[in-house]
Protein chains: 2
Amino acid sequence: MNISAASNAAGLPAKTVRYYADIGLVPAPVRSEAGYRSYDDASVRKLVFVRRAREFGFSISECRELLGLYEDRRRSSADVKRIATARLEEIAKKQRELQSLHDELAHLVDACRGDDRPDCPIIDSLGNPRSEPRMAP
Amino acid sequence: MNISAASNAAGLPAKTVRYYADIGLVPAPVRSEAGYRSYDDASVRKLVFVRRAREFGFSISECRELLGLYEDRRRSSADVKRIATARLEEIAKKQRELQSLHDELAHLVDACRGDDRPDCPIIDSLGNPRSEPRMAP
DNA sequence: ATAATGTTTCCAGTTACTGGAAGGTCAAGC
DNA sequence: GCTTGACCTTCCAGTAACTGGAAACATTAT
């Protein structure tokens, strides 16, 4: 399998596949006589593993750790669960942050007439975070 | 005001304050005789504006655009609302993605015993995304 | 034989900073 | 007057995780 076949099978751009071997995340593939990278199913499975883990938001270094566990027939599931649980908590935290961001911004968008006049609570709020949009006197 | 006073007032690291002037996001401050950057309240207000906008997830280039609107006494609120609404939609999309990520990962963490045995649905799922964790035969 | 496509390496750029080194400045204390 | 320490300067490099592009070689199709 050349790199484009492998990258199709793995669901990753070829550039990324090369990159993952460059940084040593996955082993460097064997080469054809002409120097072309040659992939087998096991390599593709590892690439898929990495892609999925990345989609879950695991960092490259977490992927490294997970790949190590993936390949270690004797690892405990507790090791894996620990990493995944930490990641889960990060996701939940990010969700809470996004929620308050969303609420605050939605409030401002609602308050903005969106017409051709210059008054705009969004801009006002960015410049004067403590002041509420001013009321009619 | 020297840079650390300004950066305190703006709630940004001094490095970042310098950086924002370097990339032309905010105007370069005047300098003292010795070459120290000197800030006034108006500069600090702009820095606060940028910090807030960044906290809302606006990119630097969006901040550039918003700052332009902030400084333009004749802009329409519609221009601002357009940018903010687009950003709001991005936030909502990100929220939906995070939600499904969270659900999927939480499901896997629940399914993992987390003991010292090697069987682990999390790892299995990463390697074989289509196969459900295997049942007792 | 030639053209189109696939592959290689390498270098640079992206985003938004952050860290650190080497050196100049300022205010306080002795 | 001198030292100490805090503060400031510039510049270079690095981060994460790729992505884009150029120049050159290989393979395949016509």
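In case you missed it, the structure is sitting above this.
Nothing here was measured: the structure is a model prediction, and the numbers come from that model.

The rules behind these values
- Residues numbered from 1 in each chain as written.
- Chains lettered and ligands numbered in written order.
- Predicted model: local features only at pLDDT ≥ 70, side-chain atom pairs only at ≥ 80, totals over all residues.
- Heavy atoms only, no water.
- Axes fitted to C-alpha atoms, helices over the stretch in contact; angles between N-to-C directions.
- Helix = DSSP H or I, 4+ residues; strand = E, 2+ residues; numbered from the N terminus.
- Parallel < 35°, antiparallel > 145°, perpendicular 65-115°, else oblique.
- Left-handed = near helix turned anticlockwise from the far one by under 90°.
- Contact = heavy atoms within 4.5 Å.
- Nonpolar A, V, L, I, M, F, W, Y, C, P; charged D, E, K, R; others polar.
- Salt bridge = Lys/Arg side-chain N within 4 Å of Asp/Glu carboxyl O.
- Near = heavy atom within 4 Å.
- Polar contact = N/O pair within 3.5 Å; in protein donor to acceptor, adjacent residues only side chain to side chain.

Asker: Is there a simple way to explain the packing of helix H1 (residues 3-10) of chain A against helix H3 (residues 41-55) of chain A in this structure?
Answerer: Relative placement of two packed helices is described by the angle separating their axes and the distance separating the axes. Residue and element names in this part refer to chain A. H3 packs onto H1 with a crossing angle of 45° between their chain directions and a minimal axis gap of 9 Å. Between H1 and H3, the angle falls in the class oblique. The handedness of the crossing between H1 and H3 is right-handed. Facing H1, whose interface residues are Ala-6, Ala-9 and Ala-10, H3 presents Val-44, Leu-47, Val-48 and Arg-51. Tallied by class, residues from the contact of H1 with H3 come to six nonpolar, no polar and one charged.

Asker: Could you clarify how one ought to interpret the pattern of salt bridges in this entry?
Answerer: Once their charged atoms are close, side chains differing in charge can pair, the charge on each being opposite to the other. Residues and elements named next belong to chain A. All told, the structure shown has four salt bridges over all chains when counted by the stated rule. Between Glu-55 and Arg-51 there is a salt bridge; the shortest N-O distance is 2.9 Å. Of the two residues, Glu-55 and Arg-51 are both situated in helix H3; the distance of four residues between them amounts to about one turn of the helix.

Asker: For this particular structure, what's the right way to read the protein's contact with DNA strand D?
Answerer: Within the structure, DNA strand D sits among 19 residues, and Lys15(A), Thr16(A), Tyr20(A), Ser4(B) and Arg37(B) are positioned closest to it. In DNA strand D, the atoms that sit within 4 Å of the protein are 69% sugar and phosphate, with bases accounting for the remainder. Between a base oxygen of DNA strand D and a side-chain N or O atom of Lys15(A), the distance comes to 2.2 Å. Going through the elements one at a time, helix H2 (14-22) of chain A together with helix H1 (3-10) and helix H2 (14-22) of chain B are the ones with two or more residues in the surface near DNA strand D. Within the surface near DNA strand D, the residues separate by chemical class into eight nonpolar, five polar and six charged.

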